[in-house]
Amino acid sequence: MPDNTIVQDTRTGKNPEASKEMVPPDHLTIKDSRTNKEYPVPIQNGTIKAMDLRKIKVSDDDFGMMTYDPAFMNTASCQSKITFIDGDKGILRYRGYPIEQLAERCTYLEVAYLILHGELPTKTQLADWTHNITVHTLLHENVKKFMDGFNYDAHPMGMLISTLAALSTFYPESKNVHDAATRKHQIHRLIGKVPTIAAFAYRHHRGLPYVYPDNELSYPANFLSMLFKMTEKKYVVNPVIERALDILFILHADHEQNCGTNAMRSIGSSQADPFVSTAGAAAALYGPLHGGANEQVLRMLREIGSKDKVPEFVKRIKAGEGKLMGFGHRVYKNYDPRAKIIKETADKVFEVTGRNPQLEIATELERIALQDEYFMKRKLYPNVDFYSGIIYEALGFPTEAFTVLFAIPRTSGWLAQWEEMLLDPEQKIARPRQVYNGYDTRNFVPIEKR
Ligand code: SDX
């Protein structure tokens, strides 16, 4: 008997021979050709629950049907109210607000409040939120000793990830993940401290003394001060650069169930504390296919070298020799709305810093790719990482620091997703199944007989 099942979707009325009175309104009727049995499976939110398939068996001792979905290409792991993406239309909204409006009208801390609390803050709420984060920008002095242990050329992401995890040893009470007040306190600490850790890693890399937080400055300005202040009494930030960094932080704050957020939710589901969970999320982000792509884009542009070499490079990509970094996305099959805003922001930054010559190569690469069948067929468009590195380089950040600049704002998104998971009654410890296709049982073979 062929192992194929016939599935009827009542919303379209396909497969008429299945009787309709036996099942709820929206459902699939799955007919198992191995047993000729039919199973009604309810459809909710355009999905079916994988657990509803377990009743499909060929015998009483059969474990039951599972879904098989490597890399979760077509699996919803949770219900969420935080971020909405429409990949075909290039739409991104945080808590219902279009990213374009938030990038134009808000500060990053305002958006972080929105992502974590679900509503834009009132003036008083924003003032309290800003105060609670600002008073947590300092690091324990022992953290400096910890960071001094790294080689001068240690990658800043390795330093960030390790230091985030190390912070869990300074705040053991953070393990009380089901206590709302404790969670709130750690959220303030993490959003407040992540720029300080990033800046200290950068100063260590440059062999410069650490610059302590200046709590009179805005979130982005304080970060720039901790990075670039030298012997002057007070760092004077260029307002165009301050605003550009705030916009970049807003654009990177959250992005629904991406690889790093999936890691955050998975680690957090075991009730690990938010510091080690955030370290795990940052570790996932570090990968070149994820947040590490912004660093790889600059390396790719430098490898191309000049605008006239772009066609040759594109030919190599089409021949399967590597990927066009900063292009493509699991969800966006249209232009990433963040890339559009970043490109507009770049023009404002270059008026202050001078034009980055890499931009010419990047725009030529985009021009050619967007009209080439190979990329069009695969719906490959620039993503958030394609232009961000060009701005970061113009702002004076070393290439190794680019992914750290992604991790700083994404910390608020990770924490919002983490808290939503903890408060979701449907969630429990994440533990996927597998399809085992290894050996059946076999007996031990002594070494002399192998
Ligand atoms: C981020 O998920 C998120 O939301 C992530 C993020 C966030 O905010 O958290 O948006 C941030 O991670 C952005 C993505 C940054 N990564 C890169 O720019 C690296 C380059 N991009 C690719 O590695 C890739 O596009 C991914 C990883 C982003 C998406 O990979 P998918 O969805 O698994 O797609 P795929 O690898 O199955 O590709 C489908 C086809 C393949 O070709 P065929 O096998 O069909 O012939 O498209 C090709 C791929 O080879 N392809 C590319 C390509 N991306 C996909 N070919 C050349 N260059 C590319 N960049």
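This structure is a prediction, so every number in the text was calculated from the model and none was measured. (Residues numbered from 1 in each chain as written. Predicted model: local features only at pLDDT ≥ 70, side-chain atom pairs only at ≥ 80, totals over all residues. Heavy atoms only, no water.)

K.L.:
Got a sec to walk through the domain arrangement of the chain? Specific residues and values, please.
P.N.:
As a measure of interface size, the accessible area lost when the parts come together is often cited. Here the chain is described as being made up of domain 1 (1–68) and domain 2 (82–424). Here the C-alpha centre of domain 2 lies 43 Å away from the C-alpha centre of domain 1. (Domains from an automatic or database assignment.)

K.L.:
Quick one: what's the story with a negative patch on the surface, residue by residue and with numbers?
P.N.:
Taken together, the side chains of Glu100, Glu344, Asp347 and Glu351 make up a negatively charged region of the molecular surface. The leading source of residues in the negative patch is helix 13 (residues 337–353), at 3 residues. As for its placement among the helices and strands, Glu351 is situated in helix 13. (Patch = residues over 30% accessible without salt bridge, like charges linked within 9 Å, V, L, I, M, F, W, Y side chains within 5 Å. Areas by Shrake-Rupley, 256 points an atom, 1.4 Å probe, with all protein chains shown as cover. Salt bridge = Lys/Arg side-chain N within 4 Å of Asp/Glu carboxyl O. Lys, Arg positive; Asp, Glu negative; His and termini not counted. Charge placed at Lys NZ, Arg CZ, Asp CG, Glu CD. Helix = DSSP H or I, 4+ residues; strand = E, 2+ residues; numbered from the N terminus.)

K.L.:
Account for the pattern of salt bridges, with residues named and values stated.
P.N.:
Taken as a whole and judged by the stated rule, the model has 20 salt bridges. Between Arg34 and Asp32 there is a salt bridge, with its nearest N and O atoms 2.7 Å apart. A relative accessible area of 0% places Asp32 in the buried class. The closest approach of N and O atoms between Glu419 and Arg183, which form a salt bridge, is 2.6 Å. You can see Glu419 sitting in helix 17 (residues 402–422) and its partner Arg183 sitting in helix 6 (residues 180–206), a full 236 residues away along the chain. Connected via shared salt-bridge partners are Asp214, Glu216 and Lys234. (Buried < 20%, exposed > 50% of the residue type's maximum accessible area, 1.4 Å probe, protein only.)

K.L.:
Explain empty space enclosed by the protein residue by residue, including any values.
P.N.:
Applying the stated rule across the entire model yields 1 cavity of 30 Å³ or more. Within this model, the largest cavity holds a volume of roughly 60 Å³. Lining the largest cavity are Pro156, Ala198, Ala201, Tyr202, Phe223, Leu227, Phe397, Ala401, Val404 and Leu405. In terms of residue count, helix 6 provides more of the lining of the largest cavity than any other element does, 3 residues in total. Classifying every residue of the lining of the largest cavity gives 10 nonpolar, no polar and no charged. (1 Å grid on protein atoms, 1.4 Å probe; cavity = no way out; pocket = protein on both sides within 12 Å on 5 of 7 lines; lining within 4 Å. Points joined across faces, edges and corners; volume = space filled by probe spheres on them. Nonpolar A, V, L, I, M, F, W, Y, C, P; charged D, E, K, R; others polar.)

K.L.:
Can you explain the packing of helix 7 (residues 219–228) against helix 8 (residues 239–251)? Please cite residues and give values.
P.N.:
One way to put it is that helix 7 packs onto helix 8 with a least axis distance of 8 Å and a crossing angle of 110 degrees. It follows that helix 7 is roughly perpendicular to helix 8 by the angle criterion. The chirality of how helix 7 crosses helix 8 is right-handed. Taken together, the residues of helix 8 that come into contact with helix 7 (itself represented by Tyr219, Pro220, Ala221, Phe223 and Leu224) are Ile241, Glu242, Leu245, Asp246 and Phe249. (Axes fitted to C-alpha atoms, helices over the stretch in contact; angles between N-to-C directions. Parallel < 35°, antiparallel > 145°, perpendicular 65-115°, else oblique. Left-handed = near helix turned anticlockwise from the far one by under 90°. Contact = heavy atoms within 4.5 Å.)

K.L.:
Give a description of the site of the ligand that names residues and reports values.
P.N.:
The environment of the ligand is formed by 22 residues, the closest being His255, Leu324, His329, Arg338 and Arg410. Between His329 and the ligand, the recorded distance is 2.6 Å, taken from a side-chain N or O atom to an oxygen atom. The contact in question runs from an oxygen atom of the ligand to an N or O atom on the side chain of Arg378, over 3.2 Å. Burial of the ligand by the protein chains amounts to 75% of its free accessible area of 1,100 Å². Taken together, the residues of the shell around the ligand sort by class into 9 nonpolar, 7 polar and 6 charged. (Near = heavy atom within 4 Å. Polar contact = N/O pair within 3.5 Å; in protein donor to acceptor, adjacent residues only side chain to side chain.)

K.L.:
Residue-level account of the sheet that holds strand 4 (residues 83–86), with values.
P.N.:
Here we have 3 strands laid out as an open sheet, ordered 4-5-6, and antiparallel in their pairing. Only two strands of the sheet have a single partner each, and these edge strands are strand 4 and strand 6 (97–98). (Pairing = 2+ DSSP bridges.)

K.L.:
Quick rundown of the pairing of strand 5 (residues 91–94)? Include the residues and the values.
P.N.:
A one-sided burial pattern is seen for strand 5, the buried positions being Leu92 and Tyr94 and the unburied ones Ile91 and Arg93. Looking at chain direction, strand 4 and strand 5 are connected through 4 bridges and run antiparallel. Note that in strand 5 the partner of Ile85 across the bridge is Leu92. Bridge count between strand 5 and strand 6: 2 bridges; the pairing is antiparallel. Looking across to strand 6, one finds that Tyr94 is bridged to Tyr97. What sits between strand 5 and strand 6 in their antiparallel hairpin is a turn of 2 residues, with Arg95 showing a positive phi close to 50 degrees.

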